[in-house]
Structures are given as structure tokens and as C-alpha cells.
Amino acid sequence: MRKWWPLTAVCLGAFILLVDVTIVNVALPSMADDLDASFSSLQWVIDGYALALAALLLASGSLADRFGHRRFYVYGLAVFAAASLVCGLAPDVGVLIAARVVQGVGGAAMFATTPALLLGSYQGRDRGTAFGVWGAANGAAAAAGPLLGGLLTEHISWPTIFWVNLPIAAVAITLTLRVVRPDRPRASSGQGGPARIDIPGAAAFTIAAGSLTYGLIRGGESGWTDAVTLATFAVTVLALLAFVVVEHRTARLGGSPMLDLALLRRPSFAGLMSGALLLQGSAFGCLVLLSLWLQSVVGLSPVGAGLALTPLAAASFVVAVFAGRHIQRLAPRLPIGGGLLLVAAGMLLLRAAMTADAGRTSLIGGLVVTGIGVGLATPMLVSAATSTVPPQRAGMAGGAVNTFRQLGMTLAIAVLGAVFTGRTAATLAGTVPDADRGADALAAGQAQRLVEAAPAGHHDAARHLVHQAFATGLDRVFLCSAVAAALGGLIVLVLVRPSSRAAPGPHGGDTAQAPQPRKESVGSGV
């Protein structure tokens, strides 16, 4: 049993890293009440974490290569735990958002290094077993997040959803230092020295992703012609141009770019990146609003809301575990493209069930179908991406998948938030004094306050209006998610073609790439 202690250390880190993606959704209404947070602030509580993961994941892999994977993993755990402590102690929403960003920094270090630690700790059949257990732990974390968040929020308080990370991180750090062998920093090929880190590329990408996210949230809140919104989009364009120039120049000079843009000229790789971005965004971008609806409109407790959201992650986990071995035999475009189309079908089912009188049971069918689609598509993404690029770029391809997945969820939360507030404001127009302010209040989980603010004798009418407005907003959100998922499915089915370079390994990656593990992906989970 001693040989499995390194696996335990890695799974503990993966669990707290991924559970924090879903555990926060259920606690958002309580956070909004305690911290007097607006809807845009709630969006940043989620997006700050996901954005830091997306922006720093590839750069973290390069840093881990330079300083050693075990050391960097321990540093990531320590940063993640310290930020979790600050999250729970946050006196206002600004501090909470900042701490969530720092959590994402630590999470990027953990995300980029855990596969390499497993590859260095196990060989042969044990390696396949280790990656299988690790993938199951990732799926379990995603499934447990909503329920665990509901239990902690309802029976203790919302800060405990962050503080629960502290003892787990402490155990993971102790185990890692005791049972995981230290590794030597890797040299860059043909250079003989440490691998250079593409700091300009990472900075340009971070600015582009951050400014785009801010612009989308700001546009939904202040209008698309607002001067700050337009200036932010201008910064996004300039940062993207700078990123392209920097990456081309780095590659031309023989350096190691954060992302080799030449890979995007390969139709299969470009199709898979599009699929990764649209899968994550279409399947998970609506969960923030669903959690707010379940608690502020339907009236469920945090535990009830967590249970109501569990079918998606649970279905994904079951499909990934029991069907994963079989779908690895198929051409990658079939489970990935088919999975995206199932996500689209699930969103359309949710849309059909969303009425003013809908309740928790209305979500079950759509969430289960969506979860099946996620469970089919996710395990194949990394193995498919690594098999479409040259061997020396396999690690970069695996990291790019995770980057696009996190970026997809970040942008989806911003876009769908703007779609929701715009649609609810249109529904409220002419019936409340300030429709935009009413829409923002609904999105911030303050439905009951709107009802109570209605004149005496009009509470029932106000309650029906609130239910109708939220339902119409979610209707449009589900429609947009369905279109995005269907588009992603079609892109994958058209562009992705089988590759003869490598076959998938036992962990869903490329067995030929074992010496180059630095940026593999989570097999299942959010």
C-alpha cells in the first residue's frame, strides 16, 4: 500500500482544486447577502479563479520544468491554502475576489504539475491505475462540490467552503514532501540550460483574457457603448495583437513560446481547442444563475440547491468512469462532437422546462443529458489534442486544452450574465420604475427583496412577475448555451480527423509522451 501514497498526495490536491470550481456556486446567495455584493461582483468571484487558472496554466508548466515539479506543486498547495484562508476572512467582496485570483494562481501551479508527479512516481500498469484513480477523484470532486457547498453554507457558514481546504492542503503538503521523490529541473532541448519562460507571452495573454472578461461584464452592467467598456475592448485587441507578435517572434528565434500559434493552422487542433472552449462554457456557464434561481426564486436551501445541481456532475462522473475505456477506441471526433451535441440537447431540455412555475425537478432531465455529454467529451480532449501535434509539442497541446476549457467558462459566465440581465430587464420594462436595476437585483439573488418592496396587496403579482422575469432570462441563457454547444459539436465533427501518430495511453493521454508530461489534463471533471 505504501506505493500508493504519492497518488494519495496528488489526489488530495486535485480534489480541493476542482471542488472549488463548483462548491462556490451554491454559496453565492449567502455571499451576496453578507457582503452586499452585486451580480457583477458575484461573477468575478467565479471568474477571478477561472481566469487565473486559464491565464497562468501554460506558464506554470514552464516554471515547474525549471524549478522541479514536486517543489512547484508544494508551492501551489501553500498559496492555494493561504488564499483560501483569506477568502473565508474577507470583510468585503473586493478582498474576496482578490483572494480568489490568488487561489487561481496556486491552482494553476497544482494543475500543471500533478500529471508529471504521477508519471514520475509510477510505471507500467501501476501508471494506468494511478491515472484512472486520479481521473475518478477529479470527477468525484466536481460531483461533490454543489452538495458539500450546500451542507457547509447551510449548517455552518459560507466561509467554511474555503476553510475546508486548509486541513486537506496541509495533509497533501506533508505527504508530498515525505513520499514523492524530488525531480530535477529539465533543460530545454539543445540548449543545455534551464528552459526559458515566455513571460511577455504570458503577460499579453493574461491582459487580453482579463480585459475581455472585464469588458463583457462591464458591458452587461453599464451598456455596450459605455466609454470604459469600449476602452476595455480596445485594450483586448491590442493585447491580442501583442500576444500574436510575441509568440511568432519567440518561435522564429528558436525559443519556447507559451503557445505555438502554428498549431492553430492544423484543422484538427484548432477544432479541438474550439470544442474545449465551447464545451466548458456551454455546459457550466449557466450554473451560477441556476444556483441563484434555485435559492432566491424557488426557495431552496443551500443543501437543496446543491442536490438539485448534482445530476450534471454525477452523470458526467458515471459516464467518464464506465464508458471511458470504450470510447477511447472511437475516433476522437465522435465522442467529443457527439458529447457537445448532447450538451446542446440538454440545454434545450432545460429551456423547454423553464417556466414561471418550474421547480427543482424541472432541471433533472436537462442536467442529466448535459452531464452525459460532458462525460463523453471531456476524457478524450487531451489525448486527441496531443495526437494531432508533433511529439515535442504534446505537453503544450495538453496544457492548451485546459487553458481553453477554463477560458471558456470564464467568458461564458460574463456573456451569459449580460444575456440574462438584458432579457430580464426587457421583461420588467414598464412594470417596475427601474428595469435595469431590477434585473441586476434578480441576478444578485435578491428576488425576495423585490417582492417585499412591492406595495401592500401586490405581493402575489410581484412574486409572479419575478418568477416570470427570471424564467425568461434563463430561457435565453439556455438557448445561447445550446447554440454554442451545437456550434462546437459541428466544428469538431467537421475539422477533427483521426491521427496515426499515437494511440491514447491508459490515462487518456499519449503513451509516447511519457518523458514530456508537463502539461497533461484532468481526465474528467470540471
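All of these numbers come straight from a predicted model, not from anything done at the bench.

Assigned secondary structure in the protein consists of 18 helices and 0 strands. Burial statistics for the protein: of 526 residues in total, 58% are counted as buried. Entry remark: accessible area of the protein is about 19900 Å², with carbon and sulfur atoms responsible for 64%.

What follows covers the nonpolar core. Counting 147 residues, the largest nonpolar core has Val 24, Leu 28, Met 31, Leu 290, Trp 293, Ile 336 and Leu 474 as the members making the most contacts within it. In terms of residues, this core owes the most to one element, helix H1 (residues 5-35), which gives 17 residues. Setting aside anything within four residues of it in sequence, one finds Met 31 in contact with Val 24, Asp 36, Val 45, Leu 96, Trp 158, Ile 161 and Phe 162.

Turning to a nonpolar patch on the surface, a few remarks are in order. Together, Leu 85, Val 86, Leu 89, Val 95 and Trp 163 give the surface a local cluster of nonpolar side chains, amounting to about 400 Å² of exposed area. At 3 residues, the largest contribution of residues to the nonpolar patch is made by helix H3 (residues 69-89). In this structure, Trp 163 sits in helix H6 (residues 160-163).

What follows concerns the confidence of the model for the protein. Summarising the model, the protein shows a mean pLDDT of 82, and 89% of its residues fall at 70 or more. Highest mean pLDDT in the protein belongs to helix H13 (residues 333-353) (94); lowest belongs to helix H17 (residues 447-452) (74). Within the model, the stretch residues 189-193 combines pLDDT values under 50 with 3 contacts to residues more than four positions away or in other chains. Overall, residues 501-525 carries pLDDT values under 50, and its contacts beyond four positions in sequence, including any with other chains, amount to 86 contacts.

To continue, consider the packing of H3 against helix H4 (residues 93-121). Taken N-terminus to C-terminus, the directions of H3 and H4 make an angle of 155°; their axes are 8 Å apart at the nearest point. Classified by the interaxial angle, the pair formed by H3 and H4 is roughly antiparallel. As H3 packs across H4, the resulting crossing turns out to be left-handed. Across the contact of H3 with H4, the residue classes break down as 16 nonpolar, 8 polar and 2 charged.

Conventions and cut-offs
Residues numbered from 1 in each chain as written. Predicted model: local features only at pLDDT ≥ 70, side-chain atom pairs only at ≥ 80, totals over all residues. Heavy atoms only, no water. Helix = DSSP H or I, 4+ residues; strand = E, 2+ residues; numbered from the N terminus. Buried < 20%, exposed > 50% of the residue type's maximum accessible area, 1.4 Å probe, protein only. Areas by Shrake-Rupley, 256 points an atom, 1.4 Å probe, with all protein chains shown as cover. Core = buried A, V, L, I, M, F, W, Y, C linked by side-chain atoms within 4.5 Å. Contact = heavy atoms within 4.5 Å. Patch = residues over 30% accessible without salt bridge, like charges linked within 9 Å, V, L, I, M, F, W, Y side chains within 5 Å. Salt bridge = Lys/Arg side-chain N within 4 Å of Asp/Glu carboxyl O. pLDDT = per-residue confidence, 0-100. Axes fitted to C-alpha atoms, helices over the stretch in contact; angles between N-to-C directions. Parallel < 35°, antiparallel > 145°, perpendicular 65-115°, else oblique. Left-handed = near helix turned anticlockwise from the far one by under 90°. Nonpolar A, V, L, I, M, F, W, Y, C, P; charged D, E, K, R; others polar.

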